[in-house]
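Single-letter residue listing:
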Amino acid sequence: MSALQAKDITVAFDKVRVLEDLNVEIPTGKITALVGGNGSGKTTLLRVLSRLLKPTGGTAYLDGNAIAHLPPREIARRLGILPQSPVAPEGMTVRELVAQGRYPYQTWYRQWSEEDEEMVQKALETTHLTELAERQVEHLSGGQRQRVWIAMALAQNTPILLLDEPTTYLDLAHQVEILDLLDELNAREGRTIVMVLHDLNQACRYAHHIVVLQKGTIVASGDPCEVITEELVRGAFGIECRLIADPLTGTPLCVPSMRRTNCDNCVMRTIPPKVSVS
Ligand code: ADP
């Protein structure tokens, strides 16, 4: 059984339907990417799966139980969430924010413990933030801040992680670093990861399972190597493209068409050069 499922989900805002009868099963222990054009419903679906948003119709299930009926603390022990563009309270340090991830484990009789301390330390180390632990979050760069939020979700130590565009604000090197980190958490610890990604090529590289949304419905889902086609990209993203095999991973690599197709200076061109280079 899939740990996270959504059945017959409909979401409407002011009677405008933005998700229409969606059915999703998130494979346990795998990385799932939600992709689609702007406004296709990715964030809304992620919010339904994490109980941040109550659907107009249908039910989301966590470990077979309707998520709407589970106590928030119990959900927080199983689901870690990185929302889109989170804002840290003013003056909060990196360590303090990461420590918030331990909140679901605290009760009136069980205060801050050695285990909490260890989990915070581990999350800081994994995200390479130990040196920045005493800095205020608001003084960090966008990329560093994003890592702090990921560290908080890691400190929560949940078997499932839901992330809405975890690579936003990051330059290419840091994007790869974060995606490699999530990949490692999945491979080493078997965590189930669901993330909204803008970049289709990154999604194809990192996800075992891809869910493609278009205008509030799912138009494809499965192994990226099996479901991504030029026709699907045309429909879901509104672009013409050529799909080639990623030279490093063999996964689909979408090369969008452009009006001008030749570049005289580029040594990496795959179309025939005007003058042969020997
Ligand atoms: P995506 O993540 O794919 O860009 P979203 O899930 O954010 O798409 O949004 C899907 C649609 O729902 C968009 O048309 C957006 O404007 C609309 N929408 C999302 N949240 C709200 C809201 N709180 N109120 C009204 N409309 C919303």
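An unreviewed UniProt entry annotates the protein chain as Iron complex transport system ATP-binding protein of Thermosporothrix hazakensis. Its UniProt record gives the protein chain a comment under Subcellular location (unreviewed entry), which states: "Cell membrane".

Please set out the nonpolar core residue by residue, giving values where relevant.
If you look at the biggest cluster of nonpolar residues, it comprises 51 residues, and the most contacted ones within it are Val98, Met195, Ile210 and Ile228. For this core, the element with the most residues is helix H5 (residues 142–155), which contributes eight residues. Ignoring any residue separated from it by four or fewer positions in sequence, one finds methionine 195 in contact with Ile31, Thr32, Ala33, Leu34, Leu163, Pro166, Leu179, Leu182 and Tyr206. Ile9, Leu22, Leu62 and Val196 belong to the second-largest nonpolar core, a separate cluster that totals 27 residues.

Help me get a handle on helix H6 (residues 172–189), residues and values and all.
Taking 1.5 Å of rise per residue, the 18 residues of H6 would be expected to cover 26 Å, and the 25 Å separating its terminal C-alpha atoms lies within 8% of that figure. Among all positions of H6, only Gln175, Ile178, Leu179, Leu181, Leu182, Leu185 and Asn186 are buried. All buried residues of H6 lie within an arc of 150° about the axis, which places them on one face of the element. Exposed positions of H6 whose direction lies more than 90 degrees from the buried face are Leu172, Ala173 and Ala187. Looking one or two places after H6, you find glycine 190, whose phi comes out positive at around 65°.

Definitions and limits used
Residues numbered from 1 in each chain as written. Predicted model: local features only at pLDDT ≥ 70, side-chain atom pairs only at ≥ 80, totals over all residues. Heavy atoms only, no water. UniProt positions renumbered as here; feature names shortened; annotations may be inferred. Core = buried A, V, L, I, M, F, W, Y, C linked by side-chain atoms within 4.5 Å. Buried < 20%, exposed > 50% of the residue type's maximum accessible area, 1.4 Å probe, protein only. Helix = DSSP H or I, 4+ residues; strand = E, 2+ residues; numbered from the N terminus. Contact = heavy atoms within 4.5 Å. Expected span 1.5 Å × (residues − 1). Arc of directions from axis to C-beta.

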